[in-house]
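Spelled out, the chains give:
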Amino acid sequence: MNRRTFLKVVGSAALLPVLPHNLLADTTIRRVRPTDPGWPSADAWKRLNEAVGGNLVPIEFPLSIAKNDPDSAAAKQLWKDLKNPYFIGDNPGLTESLGWVDAWATQPSVYAVAARNAQDIAAAVNFARSNNLRLVVKGGGHSYQGTSNAPDSLLIWTRHMHDIEMHDAFVPQGCEHTMQPQPAVTFGAGTIGMQAYTAVTTKGGKYVQGGGCTTVGLAGLISGGGFGSFSKHYGTAAASLLEAEVVTADGQVRIANACTNPDLFWALKGGGGGSFGVMSKLTVRLHDLPEFFGNAMFSVKASSDDAYKRLVREFVSFYREHLFNDHWGEQAHIRPDNVLEIQMLAHGLDAEQTKKVWQPFLDWVAQPSSECSVKGVAAFGAVPARHYWDPQWWTEHWPEAAFPRNSTWHNLLDDALVHLISQPTLEFDPRSGASPYNAWWKGTTGEAAMFWWGYESLWLPDSLLEPDAQQRLADALFAASRHFDVGLHCNKGLGGAPAEAIAASKDTATNPSVLNAFALAIVADGQQPVYPGIPGHEPSVADGKQAAERIDRCVDELRKVAPNGGAYVSESNYFEKGFQQAYWGDNYARLLAIKRKYDQDGLFIVHNGVGSEGWSRDGFTKA
Ligand SMILES: Cc1cc2nc3c(=O)[nH]c(=O)nc-3n(C[C@H](O)[C@H](O)[C@H](O)COP(=O)(O)OP(=O)(O)OC[C@H]3O[C@@H](n4cnc5c(N)ncnc54)[C@H](O)[C@@H]3O)c2cc1C
């Protein structure tokens, strides 16, 4: 429906009574769709529009143009725009992932409340509850499982709520006698990673635990637990939450922190997005920055399967000895082509220290008996931590042309590395008028507008690093790699983290498996940009199903050594079996009790979320 049709409908239809639904008394719940007689009248929508200051917007589906007029210039431009995560995020009718084979395909809500504050959110919540509507909440729009979109629904869209306020000495409300003041930052619920890093790190010289991807929304990230490249040092993003302002299903604007509504507060920390209420503001702890963030990037190719087995075994033992600590995060990939690919980042190490750590491993590879060799160059570097998320710094200092040969930074680096990293690292929002801070890591461009074939994750316990278990782990990694590329995300397991980070993360709803996992294994694949029903851009369903089976077989090899590992709710399988145990372990019963206390009628239902049992996959019906 376009804006003109919307206004016409709003102006002409008769006013229908808005009756509260006593859903508690019903055993069956069925949300209404626009075709149902119970759908709110035009006048009712008009009143909602007035209540939210004219910010009720009808949503058009941007992909319609590609379906209806595929050869048009507009359709061609759309496919280009879909490579820009900021374009996607700015559009209430889109999501970062476009779908998942046999699971979901993104579809817009009928209307969105483009909320500006908690009162707008409360108006939308009350309207949805009173009118028995399917309600969805979207911040950064990065849900892999499609939990921030639903057709025939009302959307609460927080994109424009990105005010940021720094505090030198924050005390959560009601905690005046129990907590010391501490540095903190308050974000509007729609704030995304890059906005947070710009304010806190680039401008403020401090650290905040956001995600690795610069366009992930902070509210969704924290709701899921949340990991950034350096969370092995700082703990999960949820662990840093000090307070949230949240609108619950009854329309109340509540404060949740360790002293006020502590049960709700705990559930918001890792209990899954869109399940307990709508956060309007989040206040999180600030941390100190180190001087440098180091990096190590290289690939080692083994000449045979046997040589690869030895390489993986050596890496496991090297990891235990040298990398199993709070410096090292990000990824090592065990690939099917007998290549070990290292893409790791180091908290608090400069370029020389970074290289020194890896030297024993490089020496092992260099021995002829290893039958392995480094492909190209092994790159070790460092970036001043304060400039890590500073697009201007990368633009001015990093490309070799603009990089003074005799500068301090250059002297810390290998020539070969300087050449390698002279390639652009960040991509920029090309739209005219876009903020110069609208940047994202080039590596994540491949995820924009993705249609997933399969995605699974599994926490690998650090007991597998014990000397007598290392061979079993190496064998499992090798066996898994015969099916698919295994990504070991070392920053997404807290084994080896400082005690303080582990204690803070323990006081969240995330599966306790995270606390002693040395890494989260992620295996995933998909296709971009495609969408069902668009000629020339149809998802390859058969390929997708085959890939999903191979991903399953791959992770099954890892499950043999980590049978109760659990999966990370925000990065996991849409078809996760026993999701309650996998995502939350023994925390699930407590989460379900909190869900029933604050949202007994299931106003906030997301796929595989807490309390979603019994609901249809589309979230409209509870049997
Ligand atoms: C490209 C990409 C990179 C990623 N990188 C990382 C990473 O580095 N580390 C990591 O830990 N995860 C990562 N993720 C996963 C990501 O953290 C989760 O998908 C997260 O939930 C996204 O939040 P969002 O606000 O962007 O998404 P949305 O889709 O808007 O929201 C996600 C969920 O949270 C709910 N939600 C959103 N806002 C609110 C609110 N204000 N109140 C209550 N519920 C809300 C939504 O209803 C939805 O269920 C990545 C995902 C993608 C697609």
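Residues numbered from 1 in each chain as written. Predicted model: local features only at pLDDT ≥ 70, side-chain atom pairs only at ≥ 80, totals over all residues. Heavy atoms only, no water.

A.B. asks: Mind showing me how you'd approach the side chain of Thr 215 here?
C.D. replies: Position of Thr 215 relative to the elements: it lies in the loop between helix H7 (193–202) and helix H8 (218–224). What makes Thr 215 buried here is its relative accessible area of 3%. Apart from the residues within four sequence positions on either side, Thr 215 is in contact with Pro 85, Tyr 86, Gly 140, His 142 and Ile 192. (Helix = DSSP H or I, 4+ residues; strand = E, 2+ residues; numbered from the N terminus. Buried < 20%, exposed > 50% of the residue type's maximum accessible area, 1.4 Å probe, protein only. Contact = heavy atoms within 4.5 Å.)

A.B. asks: Can you walk me through the packing of helix H16 (residues 470–481) against helix H18 (residues 541–559) in this structure?
C.D. replies: Two elements in contact, H16 and H18, have axes whose closest approach is 8 Å; the angle formed by their N-to-C orientations is 170°. One finds that H16 runs roughly antiparallel with respect to H18. Here Ala 476, Leu 477, Ala 479 and Ala 480 of H16 lie close against H18, whose contacting residues are Cys 554, Glu 557 and Leu 558. When the residues that make up the contact of H16 with H18 are grouped by side-chain class, the tally is six nonpolar, no polar and one charged. (Axes fitted to C-alpha atoms, helices over the stretch in contact; angles between N-to-C directions. Parallel < 35°, antiparallel > 145°, perpendicular 65-115°, else oblique. Nonpolar A, V, L, I, M, F, W, Y, C, P; charged D, E, K, R; others polar.)

A.B. asks: Sorry if this is basic, but what is going on with the site of the ligand here?
C.D. replies: Not every one of the 32 residues close to the ligand is listed here, only the nearest: Val 137, Gly 139, Ser 148, Phe 227 and Tyr 568. Interatomic distance of 2.7 Å between a backbone N/O atom of Gly 139 and an oxygen atom of the ligand. Between the ligand and Thr 147, the relevant distance is 2.8 Å, taken from an oxygen atom to a side-chain nitrogen or oxygen of the residue. Notes on the ligand: free accessible area 950 Å², of which the protein chains cover 96%. At the level of elements, strand E6 (135–138), H8 and strand E12 (278–285) are the ones that each hand at least two residues to the shell around the ligand. (Near = heavy atom within 4 Å. Polar contact = N/O pair within 3.5 Å; in protein donor to acceptor, adjacent residues only side chain to side chain. Areas by Shrake-Rupley, 256 points an atom, 1.4 Å probe, with all protein chains shown as cover.)

A.B. asks: What's the story with the environment of Asp 81 in this structure? I'm lost.
C.D. replies: Looking at the element boundaries, Asp 81 is found in helix H4 (residues 73–81). When its relative accessible area of 17% is taken as the criterion, Asp 81 is described as buried. Each C-alpha atom, one on Asp 81 and one on Arg 431, is 9.0 Å from the other, the two residues being 350 residues apart in sequence.

A.B. asks: I would appreciate a short explanation of the pattern of salt bridges in the present structure.
C.D. replies: Proximity of charged atoms lets side chains of opposite charge pair with each other. Tallied over the entire structure, the rule returns 22 salt bridges. In this structure, Lys 269 engages Asp 507 in a salt bridge whose closest nitrogen and oxygen atoms are separated by 3.6 Å. Here Lys 269 is found in the loop between helix H10 (262–268) and E12, whereas its partner Asp 507 is found in the loop between helix H17 (499–506) and strand E21 (517–527), with 238 residues between them in sequence. Using a relative accessible area of 45% as the deciding quantity, one classes Asp 507 as partly exposed. The closest approach of N and O atoms between Glu 427 and Lys 442, which form a salt bridge, is 3.9 Å. Pair noted here: Glu 427 is in strand E17 (residues 426–428) and Lys 442 is in the loop between strand E18 (439–441) and strand E19 (450–461), with a separation of 15 residues, a long-range link. A relative accessible area of 25% means that Glu 427 is categorised as partly exposed. (Salt bridge = Lys/Arg side-chain N within 4 Å of Asp/Glu carboxyl O.)

A.B. asks: Got a minute to help me understand the state of the cysteines in this structure?
C.D. replies: Chemically, a disulfide is nothing more than a covalent bond linking the sulfur atoms of two cysteines. Going through the model one piece at a time under the given rule, you end up with one disulfide. Between Cys 372, a free cysteine, and Cys 490, which holds the nearest cysteine sulfur, the sulfur-to-sulfur gap is 19 Å. Judged by its relative accessible area of 10%, Cys 372 is buried. The thiol of Cys 554 is unpaired, and the distance to the nearest cysteine sulfur, on Cys 490, comes to 16 Å. Relative accessible area serves as the criterion here: at 0%, Cys 554 is assigned to the buried category. (Disulfide = S-S within 2.5 Å.)

A.B. asks: I tried to follow unusual backbone geometry on my own but got confused; where do I start?
C.D. replies: Among all residues except glycine, the phi angle is most often negative; among peptide bonds, the trans geometry is most common. Each neighbour pair has its own omega, and for Gln 528 with Pro 529 the value is -20°, a cis peptide bond. Here Pro 529 is to be found in the loop between E21 and H18. Positive phi, normally seen in glycine, also occurs at Asn 132, with a value near 60°. As for its position among the elements, Asn 132 is in the loop between helix H6 (118–130) and E6. Judged by its relative accessible area of 5%, Asn 132 falls in the buried class. Its identity as a non-glycine residue notwithstanding, Asn 338 has a phi of 60°, on the positive side. In this structure, Asn 338 sits in the loop between strand E14 (328–334) and strand E15 (339–347). Assessed through its relative accessible area of 8%, Asn 338 is described here as buried.

A.B. asks: What's the story with the pairing of strand E11 (residues 253–257) in this structure? I'm lost.
C.D. replies: The side chains of a regular strand alternate between both faces of the sheet. Two strands pair when backbone bridges link them, and strand E10 (residues 241–247) and E11 are joined in this way by five bridges, in the antiparallel orientation. Looking across to E11, one finds that Ala 244 is bridged to Ala 256. Counting the residues between successive antiparallel strands, the hairpin from E10 to E11 contains five residues, one of them, Gly 251, with a positive phi of roughly 85°. (Pairing = 2+ DSSP bridges.)

A.B. asks: Would you take a moment to explain the sheet that holds strand E13 (residues 292–302) for this structure?
C.D. replies: Whether parallel or antiparallel, the strands of a sheet pair through hydrogen bonds between backbone atoms. Strand order across the open sheet formed by nine strands is E4-E3-E19-E21-E20-E14-E15-E13-E16, with mixed pairing between neighbours. At either margin of the open sheet sits one strand with a lone partner, and together these are strand E4 (104–105) and strand E16 (372–384). Looking at chain direction, E14 and E15 are connected through seven bridges and run antiparallel. Bridge pairing in E15 places Trp 328 opposite Ala 346. Set on the sheet, helix H11 (residues 305–323) makes contact with E13, E14, E15, E16, strand E20 (486–489) and E21; between it and E15 the angle comes to about 10°. Along the sheet face, helix H12 (residues 351–366) touches E13, E14, E15 and E16 and points at about 170° away from the line of E16.

A.B. asks: Looking at this structure, I do not really get the sheet that holds E11. What am I missing?
C.D. replies: An order of E8-E9-E12-E10-E11 is seen for the five strands of this open sheet, with the pairing classed as antiparallel. Looking at strand neighbours, the two that pair on one side only are strand E8 (164–170) and E11, the edges of this open sheet. Ignoring which end each strand starts from, the neighbouring axes of this sheet average 20° apart.

A.B. asks: What is the right way to look at the nonpolar core in this model?
C.D. replies: Nonpolar side chains in soluble globular proteins tend to be buried together. Ranked by size, the top nonpolar core spans 80 residues in total, and within it Val 208, Tyr 388, Trp 389 and Trp 584 carry the most contacts. For Trp 389, the contacting residues outside a window of four places in its chain are Met 194, Tyr 197, Thr 201, Thr 202, Tyr 207, Thr 214, Phe 230, Phe 293 and Trp 441. (Core = buried A, V, L, I, M, F, W, Y, C linked by side-chain atoms within 4.5 Å.)

A.B. asks: Just to check I follow, could you spell out the packing of aromatic side chains for this structure?
C.D. replies: For any pair of aromatic rings, the description rests on two quantities: the centre-to-centre distance and the angle between the ring planes. Across all of its chains, the model carries 40 aromatic pairs by this definition. Geometrically, the ring pair formed by Tyr 197 and Trp 389 is stacked, given 3.9 Å between the ring centres and 10° between the ring planes. Here Tyr 197 is found in helix H7, whereas its partner Trp 389 is found in the loop between E16 and helix H13 (391–397), with 192 residues between them in sequence. For the residue pair Tyr 197 and Trp 389, the accessibility class agrees, reading buried in each case. (Phe/Tyr/Trp six-rings, centres within 6.5 Å; stacked < 30°, edge-to-face > 60°.)

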